[in-house]
Each structure stands twice: as structure tokens, then as C-alpha cells.
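# A look at the structure
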Amino acid sequence: MTQEFSTVFPTGAKNDAYAQYFVGQSYLNMLSLEQVVIGNVTFEPGCRNNWHIHHADKGGGQILLVTGGRGYYQEWGKEPRELHPGDVVNIPAGVKHWHGAAPTSWFAHIAVEVPGENTRSEWCEPVDAQAYNALK
């Protein structure tokens, strides 16, 4: 499959530091490590992260700003939401979720870590492969 794909920010290096929490290949370009942590995350077709939770005693959570391709976001117990450039996803602290590329599309988003007290991420199980592969 050949697909034209471009985003505003450079793709970055392979996301090896978090590879154990992804199915497929992702890339990470940290845009800011000061004031607010912001990263450009790019997913190859079929790549998605495991279910995870952004914990915080106060504040926290994550905001996704979709910049390219087509992907999905899903909260535990809810239907997946298809994402396109320009979409914004607000993820409150404590919500179990996953996000990643559609099976046949590259996908990129800016991940904004919402400041909070005692923030941390809990990585959980991979997304069910059969459920994911049923997505278009």
C-alpha cells in the first residue's frame, strides 16, 4: 500500500523507549519538555498503543490534536471514535483508553500532557486484535 502522508511537524525517531506499550511501529518527536510536555506521535498503519490511564491526584490527563492521517480513539466501555486532521480529543485523568492509526492509514497527533499533581501513566493490556482488525 502506498499512501501520501504529511504533517506539520517532523516525524521523529522510532519510539523505542515505549515500544513495549505499542503494537506496530510508532515515532516520537518531543516538541516541548518545558512548562507543558508536548510530543508529536506518528503511527504506521495498524500501529496503536495499549490501553492506558493517565493518573493524577489533581488536574492531569491528556489532549490529542490530530495533525495527519486517520486513526481511532476509544475509551473503555465505549465505541471507537474515528479521528481525522483537525479533531481534538480531551482525555480526563483516570480514563482508560487507547489511540492509534487505522489499519490501513498512517496517523499523527500532538499529545499534550495536561499539568497536574502526581501525574503518572499506567500501561495496561493490548487492544483486542480481533476488535481492532474489525475497524475500517
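For the structure itself, look to the data block above.
Residues numbered from 1 in each chain as written. Predicted model: local features only at pLDDT ≥ 70, side-chain atom pairs only at ≥ 80, totals over all residues. Heavy atoms only, no water.

## Examining unusual backbone geometry
Selection rule: Note on conventions: DSSP H or I runs of at least 4 residues are helices, E runs of at least 2 residues are strands, and numbering of each starts at the N terminus. Note on exposure labels: buried denotes an accessible area under 20% of the residue type's maximum, exposed denotes more than 50%, and partly exposed covers the range between, all computed with a 1.4 Å probe on protein chains only.
Phi at Gln35 takes a positive value of approximately 65°, unusual for a residue other than glycine. On the secondary structure map, Gln35 appears in the loop between strand 3 (26–32) and strand 4 (38–43). Residue classification places Gln35 among the exposed residues on the basis of a relative accessible area of 83%.

## Focus on the pairing of strand 9 (residues 71–75)
Rules: Two strands are counted as paired when DSSP detects at least two bridges linking them.
Judged by how many residues are buried, strand 9 sits mostly within the fold: five of five residues are covered. Covered by surrounding structure in strand 9 are Gly71, Tyr73 and Glu75 together with Tyr72 and Gln74, the residues of both alternating faces. As judged from the three bridges shared by strand 9 and strand 10 (residues 81–83), these two strands associate in the antiparallel manner. Of the residues in strand 10, the one forming a bridge with Tyr72 is Glu82. Where strand 9 folds back on strand 10, the antiparallel hairpin that results is connected by five residues, among which Gly77 adopts a positive phi of roughly 85°.

## A few points about the sheet that holds strand 8 (residues 62–69)
One open sheet accounts for six strands, arranged 1-3-4-13-8-11; its pairing is antiparallel. Whereas interior strands pair on both sides, the edge strands pair on one side only; in this sheet they are strand 1 (13–14) and strand 11 (88–91). Where strand 8 meets strand 11, four bridges bridge the pair, whose relative direction is antiparallel. Following the sheet pairing, Ile63 is matched in strand 11 by Asn90.

## Topic: the layout of surface pockets
Short version of the rule: Here the term cavity refers to a set of points on a 1 Å grid, laid over the protein atoms alone, in which a 1.4 Å probe fits but cannot get out; the term pocket refers to an open set having protein on both sides within 12 Å along at least five of seven lines, with lining residues being those that place an atom within 4 Å of a point. Grid points are joined across faces, edges and corners, and a volume is the space filled by probe spheres set on the points. Each residue is assigned to one of three groups, with Ala, Val, Leu, Ile, Met, Phe, Trp, Tyr, Cys and Pro labelled nonpolar, Asp, Glu, Lys and Arg labelled charged, and all others, Gly among them, labelled polar.
Its volume calculated, the largest pocket comes out at about 530 Å³. Taken together, 29 residues line the largest pocket, and the ones lying closest to its centre are Tyr18, His54, Gln62, Glu113 and Ser121. Sorting the residues of the lining of the largest pocket by element identifies strand 3, strand 4, strand 6 (52–55), strand 13 (107–113) and strand 15 (120–123) as the ones contributing at least two each. Residue composition of the lining of the largest pocket, grouped by class: 13 nonpolar, 14 polar and two charged.

## Some words on the pattern of salt bridges
Side chains that carry opposite charge are capable of pairing whenever their charged atoms lie near each other. For the record, the criterion: Salt bridges are counted wherever a side-chain nitrogen of Lys or Arg sits within 4 Å of a carboxyl oxygen of Asp or Glu.
Inspection of the entire model under this criterion finds four salt bridges. Salt-bridge contacts for Glu82 lead to Arg70; the nearest nitrogen and oxygen are separated by 3.5 Å. Of this pair, Glu82 sits in strand 10 while Arg70 sits in the loop between strand 8 and strand 9, and the two are 12 residues apart along the sequence. With a closest N to O distance of 3.2 Å, Glu75 and Lys78 form a salt bridge. Within this structure, Arg70, Glu82 and Lys136 form a network of salt bridges that share partners.

## Quick look at the side chain of Asn50
Selection rule: The contact definition used throughout considers only heavy atoms, calling two residues in contact when any of these lie within 4.5 Å.
Checked against the element boundaries, Asn50 lands in the loop between strand 5 (48–49) and strand 6. Under the relative-accessibility criterion, Asn50 is labelled buried at 6%. If we ignore the near neighbours within four places in the chain, the residues touching Asn50 are Gln20, Tyr21, Phe22, Val23, His97, Trp98, Trp123, Cys124, Glu125 and Pro126.

So far we have only geometry, and geometry alone does not tell us how the molecule works.
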